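# Analysis of the macromolecular model
What follows is each chain in one-letter form.
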Amino acid sequence: MADMSPIFRRKQVNAPAERLVTLIRKPGCHLCDDAQIVIEKVCGELGVPWEQKDITQDPQLHDQYWEQIPVVLVDGEQHTFWRVNEDRLRKALTD
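What this report covers is the structure whose coordinates are included nearby. (Residues numbered from 1 in each chain as written. Predicted model: local features only at pLDDT ≥ 70, side-chain atom pairs only at ≥ 80, totals over all residues. Heavy atoms only, no water.)

### Regarding the packing of aromatic side chains
To be explicit about the condition: Between rings of Phe, Tyr and Trp, where Trp is taken as its six-membered ring, a pair exists when centres lie within 6.5 Å; planes separated by under 30 degrees are stacked, by over 60 edge-to-face, and by other angles tilted. Exposed residues in this analysis have more than 50% of their type's maximum accessible area, buried residues have under 20%, and partly exposed residues fall in between, with area computed by a 1.4 Å probe over protein chains only. Placement of a charge over a ring requires the Lys NZ or Arg CZ to be within 6 Å of the ring centre, with the centre-to-atom vector within 35 degrees of the ring normal.
Scanning the model with the defined rule gives one aromatic pair in all. Look at Phe 81 and Trp 82: their rings are 4.7 Å apart centre to centre, the planes differ by 70°, and that puts the pair in the edge-to-face class. Residue classification places Phe 81 among the partly exposed positions, given a relative accessible area of 30%. Taking the relative accessible area as the measure of exposure, Trp 82 reaches 43% and is therefore partly exposed. Its end group placed over the ring of Trp 66, Lys 26 keeps NZ or CZ at 4.4 Å from the ring centre.

### So, the sheet that holds strand β3 (residues 71–74)
Short version of the rule: Strand pairing is defined by DSSP finding a minimum of two bridges between the two strands. For the purposes of this entry, the term helix denotes a DSSP run of H or I that reaches at least four residues, the term strand denotes a run of E that reaches at least two, and both are numbered from the N terminus. All axes here are fitted lines through C-alpha atoms, helices being fitted over the stretch that makes contact, and every angle between N-to-C directions spans 0 to 180 degrees.
Read across the sheet, four strands follow the order β2-β1-β3-β4 without closing on themselves; strand pairing throughout is mixed. With partners counted over all chains shown, the strands left at the sheet margins are β2 (50–54) and β4 (77–81), one partner each. Direction aside, the axes of adjacent strands within the sheet are offset by 25° on average. Here β3 runs beside β4; their pairing, made up of four bridges, is antiparallel. Residue pairing across strands places Val 74 opposite Glu 77, the latter belonging to β4.

### Some details on the side chain of Thr 22
For the record, the criterion: Identification of polar contacts relies on pairs of N or O atoms within 3.5 Å, with a donor-acceptor requirement for protein atoms, meaning one able to donate a hydrogen and the other able to accept it, and with residues adjacent in sequence counted only if both atoms are side-chain atoms. Contact between two residues is taken to exist if any of their heavy atoms lie within 4.5 Å; hydrogens are not considered.
Secondary-structure assignment places Thr 22 in strand β1 (residues 21–25). Among the polar contacts made by the side chain of Thr 22, one reaches the side chain of Glu 51 at a distance of 2.8 Å. Excluding anything up to four places from it in sequence, Thr 22 contacts Glu 51, Lys 53, Val 71, Val 72 and Leu 73.

Encoded structure:
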């Protein structure tokens, strides 16, 4: 499709299905549960896949993020920690 109009040529944005949200959490964490609710809602609406990782099962994640749980990554980059803002997450996935 070499004849795409310029509006489609701005920065390359991955389709929702090519994005990935990762929730790094620990068992029994109410902030983690709150974060998961927001992630499920936003990712469900946008069609973005998401996963969760248990910090107690991964020494590297434990060392890196223990003080910040829950941590949310978007495409492998840290997006936020502790509290997830629904509008901010949606914007990160659609901009």
